[in-house]
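What follows is each chain in one-letter form.
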Amino acid sequence: MGNQKLGSIALIGGGPAALFMLKEIVNQNLQVESIYIFEKNERLGVGMPYGKYGSCNEHLANVSANEIPELIYDVSTYLSKYPSDDFPDYYLNGISNPYQVLPRLLLGNYLENQFHEYIKLAIKLKIKVHVLTETAVTDLVYDCTKENYKVIITDDKEYEVGVAVICTGHYWPITFEGKTKGWYDSPYPPSKFDQKTNFPVAIKGASLTAVDAVKTLSRLNGQYNYDGDQVSYVLNEDSKNFSIHLFSTGGYLPALRFHSESEPYSVSWSMTLDEIYDYKEKNNGFVALDYVFERNFKSPLKQSDPVFYEKIKDMTIEEFVEEMLSLRKELDSFTLFRAEYLEAKKSIDRRMSISWKERLAAFSYAMNYPAKHFSAEDMLRLRKVLMPLISVIIASLPQESYKEIIALYEAGVIEHIQVDRDSHVEPHADTGAIYCYMDIQGKKHEQHYQLYIDGTGQQPLEFNDLPFEALKDQGLISTGYLNFKDSNEGEKYVNEKNITVKRDSNNGFYMYVKGLSINDYFQALDAFGNVTKNLFIMAVPFIGGLNPDYSGLDFCDTASRRIVKFLKNP
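Residues numbered from 1 in each chain as written. Predicted model: local features only at pLDDT ≥ 70, side-chain atom pairs only at ≥ 80, totals over all residues. Heavy atoms only, no water.

K.L.:
Which parts of the structure should I look at to understand the overall build of the protein chain?
P.N.:
Each helix and strand in the protein chain was counted, giving 16 helices and 24 strands. The contacts in the protein chain between residues at least 6 apart in sequence include a share of 73% that link residues at least 24 apart. As displayed, the protein chain offers around 25,600 Å² of accessible surface, 48% of which is attributable to carbon and sulfur atoms. Side-chain charges of the protein chain comprise 59 positive and 77 negative groups, with the mean position of each set lying 2 Å from the other. (Helix = DSSP H or I, 4+ residues; strand = E, 2+ residues; numbered from the N terminus. Contact = heavy atoms within 4.5 Å. Areas by Shrake-Rupley, 256 points an atom, 1.4 Å probe, with all protein chains shown as cover. Lys, Arg positive; Asp, Glu negative; His and termini not counted. Charge placed at Lys NZ, Arg CZ, Asp CG, Glu CD.)

Now the structure itself:
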């Protein structure tokens, strides 16, 4: 392709991923005749999290204005250009505090605005931009003779395009919602909760998605009172029996936002492709998790926090995680939550980072790119050992949300219950669910709740969950997998529950991972491991096995840059 002009590109989904694709097409001046943007809802740029399908006014983003990857102009410029009465707290003479977290709906308005600004720039570059909102794509079919894709929409209309980029974003498979009254597969859209619940409610999970559900339900059943820095909560007269039970296996509440020193996310943090392939050549064809941990976590701490570095420099990943989690295990989750709040508040007040947490978040972002070159053994270690710590630390719960949760706790309305890994939830015959679990004392429970919400957040999805049947039927996509470095190790996992391990033709072993197979440029790989021409997958839930960190806007930014760079010089 080089500088030859491309025909047309379809962006399937018009949320943040599509916004950053458009940004890179414009910034890298990709020679393309036309862009088709298909969005099932009515707005561009907001996706699920930043519009009415994922938020109400009380829902906050876990990023501040200064952490959003660069767009045409920043949030404070946007606020001064487009003042609004909807969020009075966020306007100070037209300029917002860049360290303040934004309401998600306000962030959505900003992203939508930037999307339209990039469309104007694309048109200036003589690119024809076709925006099709309220248009659901029902299938994507490859035409072998024309070597292009047919995008099929709801009324069986077809659009022919040369390149397709799947940007569908969040996706919540339905299990019993709609069939069992009082069972909800996610807290979204929050508008579906519109009645008081004068009884205990069960929420599975204790991280950011669960906090969204807590915010919605607590407002239906009571009131928060704000007095300066203090927040209290009072139940409504007709909701005296309302309470929230959060269930989690780790027993941790999310870590809080602290002051961050470095630029939001830097491309330089991650291994370059040359570095990845050079390393693999010298190390039996794999990138070692230990190497990436050393490169992207331990080494940078030498500069930023030499005292902490000295303490952990000789620890294995397992020892490090054990050390960090043992400190957390010693405290009840709300006591720890309070202690972390004070630590985070001090960090913000003094504008001083908590270096190890900042570096762990940076590591989580940076390891996405070499992750598809890990051995199966290392991916299992990452999932079992590191991710439980990472997922708590990078949650970055805003201070405002902390204050509300503590207000609920002080009012005796919220409880956090740690459960065993075999705990499960079943739909109740009449309403809600039965939570079956063993508590930390080893006592078994089967508790009925009239209202149950799965608040575990976006889970990685499987091959069969992808809604485009033709891509599966034509063999253009495949399930992601990783090879075992050591065959003996692979053999051990063959009959393991929850893991699919197969023997290959050379008597080695490989492990299927969640979602689809992609290469370093986010191109889909077919059933034979060959590249599927001009099909790119940026929908994070569908590549979660080979791209383990869900890092939102930063991921969209980096992935788009890689895809467009490849389209310019394949």
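K.L.:
Looking at this structure, I do not really get the packing of helix 10 (residues 355-366) against helix 12 (residues 376-393). What am I missing?
P.N.:
Two packed helices can be described by the angle between their axes and the distance between those axes. In the contact formed by helix 10 and helix 12, the axes pass within 10 Å of each other and the chain directions differ by 115°. In this view, helix 10 runs roughly perpendicular relative to helix 12, as classed from their interaxial angle. Judged by the twist between their axes, the crossing of helix 10 over helix 12 is left-handed. Contacts between helix 10 and helix 12 involve Trp 356, Lys 357, Leu 360, Phe 363 and Ser 364 from the former and Leu 386, Leu 389, Ile 390 and Ile 393 from the latter. (Axes fitted to C-alpha atoms, helices over the stretch in contact; angles between N-to-C directions. Parallel < 35°, antiparallel > 145°, perpendicular 65-115°, else oblique. Left-handed = near helix turned anticlockwise from the far one by under 90°.)

K.L.:
How should I be thinking about the layout of surface pockets in this particular structure?
P.N.:
In this approach the atoms are scanned with a rolling probe the size of a water molecule, which exposes any empty space left behind. Considering only enclosed or pocket space, the second largest pocket measures out at about 890 Å³ in volume. Surrounding the second largest pocket, 36 residues form its lining, Tyr 90, Gln 100, Val 101, Gln 399 and Glu 400 being those nearest its centre. Here the residues of the lining of the second largest pocket sort into 13 nonpolar, 9 polar and 14 charged. (1 Å grid on protein atoms, 1.4 Å probe; cavity = no way out; pocket = protein on both sides within 12 Å on 5 of 7 lines; lining within 4 Å. Points joined across faces, edges and corners; volume = space filled by probe spheres on them. Nonpolar A, V, L, I, M, F, W, Y, C, P; charged D, E, K, R; others polar.)

K.L.:
What exactly am I supposed to notice about the packing of helix 4 (residues 208-221) against helix 13 (residues 399-410) here?
P.N.:
Two elements in contact, helix 4 and helix 13, have axes whose closest approach is 11 Å; the angle formed by their N-to-C orientations is 60°. With respect to each other, helix 4 and helix 13 are oriented oblique. Crossing of helix 4 over helix 13 shows left-handed handedness. On the side of helix 4, the interface is formed by Val 211, Val 214, Lys 215, Ser 218 and Arg 219, while helix 13 contributes Ser 401, Glu 404, Ile 405 and Leu 408. When its residues are assigned to classes, the contact of helix 4 with helix 13 shows 4 nonpolar, 2 polar and 3 charged.

K.L.:
Hey, could you run me through empty space enclosed by the protein in this one?
P.N.:
Tallying each qualifying case throughout the model produces 2 cavities of 30 Å³ or more. The space that makes up the second largest cavity amounts to roughly 30 Å³. Taken together, Tyr 252, Leu 253, Pro 254, Arg 328, Ser 333, Leu 336, Phe 337 and Glu 340 make up the full set of residues lining the second largest cavity. At 4 residues, the largest contribution of residues to the lining of the second largest cavity is made by helix 9 (residues 333-349).

K.L.:
Help me understand the pairing of strand 20 (residues 479-483), please; the structure alone is not making it clear to me.
P.N.:
Residues in a regular strand project their side chains so that they alternate between the two faces of the sheet. Side chains Gly 480 and Leu 482 of strand 20 all project onto a buried face; the interleaved residues Thr 479, Tyr 481 and Asn 483 project onto a face where none is buried. As defined by bridge partners, strand 20 adjoins strand 22 (residues 509-516) across 4 bridges and the pair is classed as antiparallel. When the sheet's bridge partners are listed, Tyr 481 is paired in strand 22 with Tyr 512. (Buried < 20%, exposed > 50% of the residue type's maximum accessible area, 1.4 Å probe, protein only. Pairing = 2+ DSSP bridges.)

K.L.:
What am I meant to see in the pattern of salt bridges here?
P.N.:
Counting across every chain of the model gives 32 salt bridges. For Glu 404, the salt bridge identified is with Arg 219, shortest N-O distance 2.7 Å. On the criterion of sequence distance, the pair formed by Glu 404 in helix 13 and Arg 219 in helix 4 is long-range, its members being 185 residues apart. Its salt-bridge partner being Arg 503, residue Glu 491 comes within 3.5 Å of it at the nearest N-O pair. (Salt bridge = Lys/Arg side-chain N within 4 Å of Asp/Glu carboxyl O.)

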